[in-house]
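Survey of secondary and tertiary structure
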Amino acid sequence: MNQTISKISGNTLWLAPLAGLTDRAFRILCRRAGADVVVSEMVSADGLLHDSRRTFEYLYFTGEERPFGIQLFGSDPAIMARAAEIVASVKPDFIDINFGCPVKKVVKRNAGSALMRDPALAAAIVSAMKRALEPTGIPLTAKIRSGWDAQSINAVDFARALEDAGVDLIAVHPRTRSQMYAGRSDWAVTAAVKRAVSIPVVGNGDVRSASDAIALKDQTGCDAIMIGRGALGSPWRFAEIRRFCLTGAPPTITYVEKFDWIRQHVELVRRFKNETRAAIEMRIHLAGYTKGLSGGAAVRERIQHSTVLEEILGELQRLYHG
Ligand SMILES: Cc1cc2nc3c(=O)[nH]c(=O)nc-3n(C[C@H](O)[C@H](O)[C@H](O)COP(=O)(O)O)c2cc1C
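Conventions adopted
Residues numbered from 1 in each chain as written. Predicted model: local features only at pLDDT ≥ 70, side-chain atom pairs only at ≥ 80, totals over all residues. Heavy atoms only, no water. Helix = DSSP H or I, 4+ residues; strand = E, 2+ residues; numbered from the N terminus. Rg over C-alpha atoms; globule rule 2.2 N^0.38 Å. Buried < 20%, exposed > 50% of the residue type's maximum accessible area, 1.4 Å probe, protein only. Axes fitted to C-alpha atoms, helices over the stretch in contact; angles between N-to-C directions. Parallel < 35°, antiparallel > 145°, perpendicular 65-115°, else oblique. Left-handed = near helix turned anticlockwise from the far one by under 90°. Contact = heavy atoms within 4.5 Å. Near = heavy atom within 4 Å. Polar contact = N/O pair within 3.5 Å; in protein donor to acceptor, adjacent residues only side chain to side chain. Areas by Shrake-Rupley, 256 points an atom, 1.4 Å probe, with all protein chains shown as cover. Nonpolar A, V, L, I, M, F, W, Y, C, P; charged D, E, K, R; others polar. Expected span 1.5 Å × (residues − 1). Salt bridge = Lys/Arg side-chain N within 4 Å of Asp/Glu carboxyl O. Disulfide = S-S within 2.5 Å. Core = buried A, V, L, I, M, F, W, Y, C linked by side-chain atoms within 4.5 Å.

1. What about the overall build of the protein?
For the protein, the helix and strand inventory stands at 15 helices and nine strands. The C-alpha radius of gyration computed for the protein amounts to 19 Å, which stays within 12% of the reference 20 Å derived for 322 residues, consistent with globular compactness. Seen through its C-alpha atoms, the protein measures out along the principal axes to roughly 55 × 45 × 35 Å. A total of 322 residues make up the protein; the buried ones form 56% of that total.

2. Observations regarding the packing of helix 2 (residues 24-33) against helix 12 (residues 255-272)
Viewed as axis vectors pointing N to C, helix 2 and helix 12 meet at an angle of 140°, and their least axial separation amounts to 8 Å. One element, helix 2, and the other, helix 12, form an angle in the oblique class. As helix 2 packs across helix 12, the resulting crossing turns out to be right-handed. Counted together, R24, A25, F26, I28, L29, R32 and A33 of helix 2 and W261, Q264, H265, L268, V269, R271 and F272 of helix 12 form the full contact between these two elements.

3. Brief notes about the site of the ligand
Taken together, 17 residues lie around the ligand, and A19, Q71, N204, D206 and R229 are the ones closest in. Note that an oxygen atom of the ligand is positioned 2.8 Å from one of the side-chain N or O atoms of K143. Starting from 610 Å² of accessible surface for the ligand in isolation, the protein chains cover 88%. Partitioned by chemical class, the residues of the shell around the ligand number eight nonpolar, six polar and three charged.

4. Some thoughts on helix 12
Its 18 residues give helix 12 an end-to-end C-alpha distance of 26 Å, which sits within 8% of 26 Å, the value for a rise of 1.5 Å per residue. Considered for burial, the residues of helix 12 that qualify are K258, F259, W261, I262, Q264, H265, V266, L268 and V269. Against helix 2, helix 13 (275-290) and helix 15 (309-321) lie the buried residues of helix 12.

5. Structural notes on the pattern of salt bridges
Applying the stated rule across the entire model yields 22 salt bridges. Between R237 and E240 there is a salt bridge, and its shortest N-O distance comes to 3.3 Å. Within this pair, R237 and its partner E240 are both found in helix 11 (residues 237-247), separated by three residues, close to a single helical turn. The same class applies to R237 and to E240, which are both buried. Among the ionic pairs, E310 bridges to R270, the shortest N-O distance being 3.0 Å. Here the residue E310 occupies a position in helix 15, and R270 occupies one in helix 12, the gap between them amounting to 40 residues. For E310, a relative accessible area of 46% gives the class partly exposed. Residues joined in a network through salt bridges with shared partners are D23, K273 and E281.

6. So, the state of the cysteines
For the coordinates displayed, the defined rule picks out zero disulfides. Summary of cysteine pairing: C245 is not part of a disulfide, and the nearest cysteine sulfur, belonging to C222, is at 11 Å.

7. Some remarks on the nonpolar core
Judged by nonpolar contacts, the single largest core of 87 residues is most densely connected at F99, I144 and L162. Take this core: its biggest share by element is seven residues, from helix 7 (residues 119-133). With sequence-adjacent residues up to four places away left out, I144 is seen in contact with F99, M116, A155, F158, A159, L162, I170, A171, V172 and H173. Ranked by size, the runner-up nonpolar core spans twelve residues in total, among them W14, A16, A171 and V202.

8. A closer look at the side chain of S185
Along the chain, S185 falls in the loop between strand 7 (169-172) and helix 9 (187-196). For S185, a relative accessible area of 9% corresponds to the buried category. A polar atom in the side chain of S185 sits 3.2 Å from the side chain of R175.

9. A few points about unusual backbone geometry
Put simply, R66 and P67 share a cis peptide bond, and its omega is -5°. Even without being a glycine, N11 presents a positive backbone phi close to 60°. The backbone of D51 sits at a positive phi, close to 65°, despite the residue not being glycine. D51 sits in the exposed class, given a relative accessible area of 59%.

Here is the structure:
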């Protein structure tokens, strides 16, 4: 097995790609909190070929994020191969293909989860990208769903086709495209994929606590665990899971510790953005950081339009320190 793949797949915790949320600042924060692997937000292969500056910004990362993967979406094997060459030039640890995005804008271009309806084209994309990446030694991974809809659940056959085409690792979010993000993830699908392929499988979907992480591993035999929404507003989730898995200690992160993570988040956002953009970015994470806390709704109300980071931080400090 490729050295990077064994490093990123052995009992590791991954931060899932979340478009609009898992940017550099949040990825570094989660790495510090105990995520072993982080992935970029999805990047358009077409956008890279059209030399779009905004698309290129998604490729920026820092050494603190490694091991770091860049996720591409697209539907044309030649374009995806050329995009892989461009991405390889910034030297990520791996490149991932998005076969799961359910949003209309992506699916109508036959990309993301639409490709689960066309395993032959998906395999052609993998083969073309593998060929393009061969001289670089950068491994290629893929993230899939259960299938398109309840009538066409094909994750097992799809995963086999990708493995045959040369993909090095597969992450499974076991919902169909029709489900979007509703209902429960069907971890039995992930277990079936794990039994069917010999490459590492990353389990994903509805992990929000240390006991969920252990249950996912037990029920699927997956090699690694990927957490998305469970880390929003709780980057310390990784520290809790790590502590629990290593020592059996129950989650005991105090409010003082939690606020320290938020303070670090603000510092990181400030490192990459000007004050106004940074405040806007923190406001995106506000829902997560105030959710379920008494007084949280009032804080959201007061700072929903704030462009002053210190004001946002001050409100959160009062909320967490009481
Ligand atoms: C707001 C949002 C953005 C997402 N963006 C991406 C993305 O860019 N690429 C991707 O593969 N999956 C994306 N996903 C799916 C997640 O990576 C993950 O598979 C899904 O949320 C289930 O995991 P969770 O229950 O741990 O959140 C996104 C999900 C959400 C809610």
